[in-house]
Each structure stands twice: as C-alpha cells, then as structure tokens.
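# Structural features, examined
Spelled out from the first residue to the last, the chains are:
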Amino acid sequence: MSKKYALITGASGGIGLELAKEFARHQWNLVIVARSTEKLEKLKKEIEEEFSVHVEVFTKDLSQSSQCADLFKEVTAKGISVEALVNNAGFGDHGLFKGTDWAREEMMIQLNIAGLTHLTKLFLKEMVEKKRGYVLNVASTAAFQAGPVMSVYFASKAYVLSFTEAIANELSGTGVKVSALCPGPTSS
C-alpha cells in the first residue's frame, strides 16, 4: 500500500468527493475532512473497497480556527505525513449585501479564507522541509470578477486565487507545488 497521503477538506460531497475518488484512483491514501461523519464514513467504505487505499476520517468544522489546529494535531499524532493538501471546503450565499446575514457571511469568510490559510500554514512547513508536496486551493471562476448578489463569496475566492499565486511564487524551487483550481458553477 502506498504511503502517500492526500488531505482533502470538504470531501463529503461535490468537488471534494470527486477529488477524493481521483486521488484514490491514483493510489493515494486519504485523510478526508468535513462536518458530516455519516457521509465521510460512507465515502471511506466506498473508496477503501473500490481502490484498496487507506482512508482516515476527521469530522471538523473548519470555519473554527481551533478545529483547524486540532485537525493538524490529530493527523500528526497518527503519524500521517500529508504530501498533498487540497483546500476544498467552502460555501457561498446570495442576496443583496445590505440584506444578507452577517453571521453566515462571517462563517463563509472564516471557512473560505481563514481556514484555508490556516491549514496551508500548518501543513506547508513539513512539505518545504521534505522538499516535496502539493497544495491545491479550490478557488472559482468567481475569483476573476466582482459578484453582485454574491459579493462576499466572490471576494473570498479572489483572496484564494491571489494567496495561491503569491505562495506559489514564494515556494518556487522548494519542490512544493501550489496551484488553484477555478471551476465554474456546479450543481453541488
């Protein structure tokens, strides 16, 4: 069995689920993270049976900074060395900014921006020390434009793209590859 591990956030559905299957298809062991234990356990069973790789499940709300730190500590305590970090967890909302809910927007900013940045900070150090690794940050085509009625979401994805491009430049020559995935709208 391969010793390579990919950690994928937001793996319980949509793009994260498909990325988890794609990594498994290429014989990567997985650390899958989301808020839904039931969905993650179902995915774990499906992937282990179909692809014969090892899957670790962590139920976390990554909009909470302490949960990002806890995830890093728990993964490290299991002796797992993450070679690929896929920051996929995120969500959007819509409505005119003057009438949208601040609590939901704050959670979106915490997950789409702060959680992604925190996890990258935590897992990147070991990758640089080992002179190998991959970080894939899921942005969006929304990152390239302003988004009336989805202003906070579009702005959060612009941050993801800009942050990713900046650290990709900083890490040039280190053996660590950083890229952004910018999908268009999906049904998930």
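Residues numbered from 1 in each chain as written. Predicted model: local features only at pLDDT ≥ 70, side-chain atom pairs only at ≥ 80, totals over all residues. Heavy atoms only, no water.

### Regarding the sheet that holds strand 3 (residues 55–59)
Formally: Any two strands are treated as partners once DSSP identifies two or more bridges connecting them. Segments assigned H or I by DSSP are reported as helices when at least four residues long, segments assigned E as strands when at least two residues long, and all are numbered from the N terminus. Note on geometry: axes are C-alpha line fits, over the in-contact stretch for helices, and angles between N-to-C directions span 0 to 180 degrees. The contact rule is simple, with two residues in contact once any of their heavy atoms fall within 4.5 Å.
With parallel pairing, six strands are arranged side by side in an open sheet as 3-2-1-4-5-6. Here the strands that pair on one side only, and so sit at the sheet edges, are strand 3 and strand 6 (176–181). Each strand of the sheet is rotated relative to its neighbour by a mean of 15 degrees, with strand direction disregarded. Taken together, the four bridges between strand 4 (residues 82–87) and strand 5 (residues 133–138) define a ladder with parallel strand orientation. Bridging from a neighbouring strand, Ala84 pairs with Tyr134 of strand 5. Relative to the sheet, helix 1 (residues 14–25) contacts strand 1 (5–9), strand 2 (29–34), strand 4, strand 5 and strand 6, its axis offset from that of strand 1 by approximately 170 degrees.

### A few points about the pattern of salt bridges
What counts, and what does not: Between Lys or Arg on one side and Asp or Glu on the other, a salt bridge is scored when a side-chain nitrogen of the former is within 4 Å of a carboxyl oxygen of the latter. With a 1.4 Å probe rolled over the protein chains alone, any residue whose accessible area is under 20% of its type maximum counts as buried; one over 50% counts as exposed, and the rest are partly exposed.
In the structure shown here, the tally under the stated rule is eight salt bridges. The salt bridge involving Glu48 is made with Lys44; its shortest N-O contact spans 3.2 Å. Here Glu48 and its partner Lys44 are both found in helix 2 (residues 37–51), four residues apart, which amounts to about one turn of the helix. You can call Glu48 partly exposed: its relative accessible area is 25%. Here Glu83 and Arg132 are joined by a salt bridge, their closest N and O atoms 3.5 Å apart. Placement of Glu83 in strand 4 and of Arg132 in the loop between helix 4 (102–130) and strand 5 is noted, with a sequence separation of 49 residues between them.

### Some words on the nonpolar core
General note: in soluble globular proteins, nonpolar side chains tend to be found buried as a group. Rules: In these notes, a set of buried Ala, Val, Leu, Ile, Met, Phe, Trp, Tyr and Cys residues joined through side-chain atoms within 4.5 Å is what counts as a nonpolar core.
Judged by nonpolar contacts, the single largest core of 35 residues is most densely connected at Leu7, Val31, Leu71, Val75, Val82 and Leu85. Where this core is concerned, the elements lending two or more residues are strand 1, strand 2, helix 3 (65–77), strand 4, helix 4, helix 5 (151–170) and strand 6. Aside from chain neighbours lying at most four places away, what touches Leu85 is Leu7, Leu119, Thr120, Phe123, Met127, Tyr134, Val135 and Leu136. Grouped together as the second largest cluster of nonpolar side chains are 23 residues, Ala20, Ala34, Ile47 and Val57 included.

### Looking at the packing of aromatic side chains
Applicable threshold: Here a pair means two rings of Phe, Tyr or Trp (six-membered ring of Trp) with centres within 6.5 Å. Their orientation is stacked below 30 degrees between planes, edge-to-face above 60, and tilted elsewhere.
All told, the structure shown has five aromatic pairs when counted by the stated rule. Taking the centre distance of 6.1 Å and the plane angle of 75 degrees together, the rings of Tyr153 and Phe154 count as edge-to-face. By the burial criterion, Tyr153 is buried, and Phe154 matches it.

### Examining the environment of Lys177
Secondary-structure assignment places Lys177 in strand 6. Residue class for Lys177 comes out exposed when judged on its relative accessible area of 53%. For Lys177 and Ile167, which are 10 residues apart along the polypeptide, the C-alpha to C-alpha distance reads 9.5 Å. What Lys177 contacts, discounting residues up to four positions off in sequence, is Gly133, Tyr134 and Val135.

### Here's the deal with helix 4
The line we're drawing: Expected helix span is computed as 1.5 Å times (number of residues minus one). What we call the bend at a residue is the angle made by axes fitted to the seven residues finishing there and the seven residues starting there.
With 29 residues, helix 4 extends 41 Å from end C-alpha to end C-alpha; this agrees with the ideal 42 Å at 1.5 Å per step. Most pronounced at Leu124, the bend in helix 4 amounts to some 35 degrees. Those residues of helix 4 that fall on the buried side of the exposure criterion are Glu105, Met108, Leu111, Asn112, Ile113, Gly115, Leu116, Leu119, Thr120, Phe123, Leu124 and Met127. Where helix 4 is buried, its residues meet strand 1, helix 3, strand 4, strand 5, helix 5 and strand 6.

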